[in-house]
Amino acid sequence: MKYNFNYSLIFLIILIASCNPKKKSDETISQSETVFPKGEKIISENFTGTIWLQMMGANDSTLHARFGNVTFEPKARTNWHSHPGGQILFITEGQGYYQEKDQPTRSLSKGDVVEIPPNVVHWHGAGPDSEFAHIAISLNTDEGGVVWLQPVTDKEYGGLKK
Ligand code: MN
């Protein structure tokens with residue numbers, strides 16, 4: 001009798017252990033979650049429309065890099081500008097554009113990467129119907145800060161193909 005009881009108990013333990021609850025790692029991460037903080041709302045003469053900016057890291061003198069998360073409301077964009085040390089953009093949300101002066105506009109979406117050579121005049125920003133976000137890394141900042149130019153006019157922006 002005692003033997004039977006122990007056997008049943010072991011069987012019960014095995015049964016409970018085999019009822020494997022859904023692991024947290026199997027859960028899907030919501031697509032609407034932002035990976036990095038959106039930061040502060042900024043209205044600047046260097047941008048058309050509203051952007052949010054979250055700078056990250058220290059403005060150190062070793063890596064010569066400044067980086068942050070930039071979010072654009074629909075139609076918001078930078079002015080024309082250039083970076084003396086170049087810049088890299090990692091697109092994290094939405095649909096947007098990148099254009100170099102006198103070059104075709106490139107449509108961007110989540111997962112795209114843009115390498116911007118030093119001193120190339122360009123702009124980046126959101127598409128007409130989509131909030132847009134990218135991580136921007138300005139490189140070789142010891143070469144100098146952003147050189148801001150004129151706004152991207154509605155005509156320049158409106159001439160874009162989706
Ligand atoms: Mn830029």
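Residues numbered from 1 in each chain as written. Predicted model: local features only at pLDDT ≥ 70, side-chain atom pairs only at ≥ 80, totals over all residues. Heavy atoms only, no water.

> Explain the coordination of the manganese ion to me, and be specific about the residues and the numbers.
Bound to the manganese ion are the protein donor atoms His 81 (NE2), His 83 (NE2), Gln 87 (OE1), His 122 (NE2) and His 124 (NE2), situated 2.2 Å from the metal. Counting the intervening residues between successive donors of the manganese ion yields the motif H-x1-H-x3-Q-x34-H-x1-H. Taken together, the residues Gln 87 in strand β7 (residues 87-100) and His 122 in strand β10 (residues 122-126) connect sequence positions 35 residues apart. Relative accessible area serves as the criterion here: at 5%, Gln 87 is assigned to the buried category. The buried category is assigned to His 122, whose relative accessible area is 0%. (Donors = N, O, S within 2.8 Å, 3.2 Å for Na, K, Ca; no water. Helix = DSSP H or I, 4+ residues; strand = E, 2+ residues; numbered from the N terminus. Buried < 20%, exposed > 50% of the residue type's maximum accessible area, 1.4 Å probe, protein only.)

> Would you mind going over the nonpolar core in detail, with residue names and values included?
In terms of nonpolar packing, the biggest core is built from 14 residues, with Ile 51, Phe 72, Leu 89, Leu 108, Val 114 and Phe 132 touching the most fellow members. Elements represented by at least two residues in this core include exactly β4 (65-72), β7, β9 (113-116) and β11 (132-139). With three residues, β7 is the single largest residue contributor to this core. If near-sequence neighbours (up to four positions away) are discounted, Ile 51 is found in contact with Glu 40, Lys 41, Ile 42, Val 70, Thr 71, Phe 72 and Ala 76. Among the nonpolar cores identified, the runner-up in size contains five residues, and Trp 80, Trp 123, Val 152 and Tyr 157 belong to it. (Core = buried A, V, L, I, M, F, W, Y, C linked by side-chain atoms within 4.5 Å. Contact = heavy atoms within 4.5 Å.)

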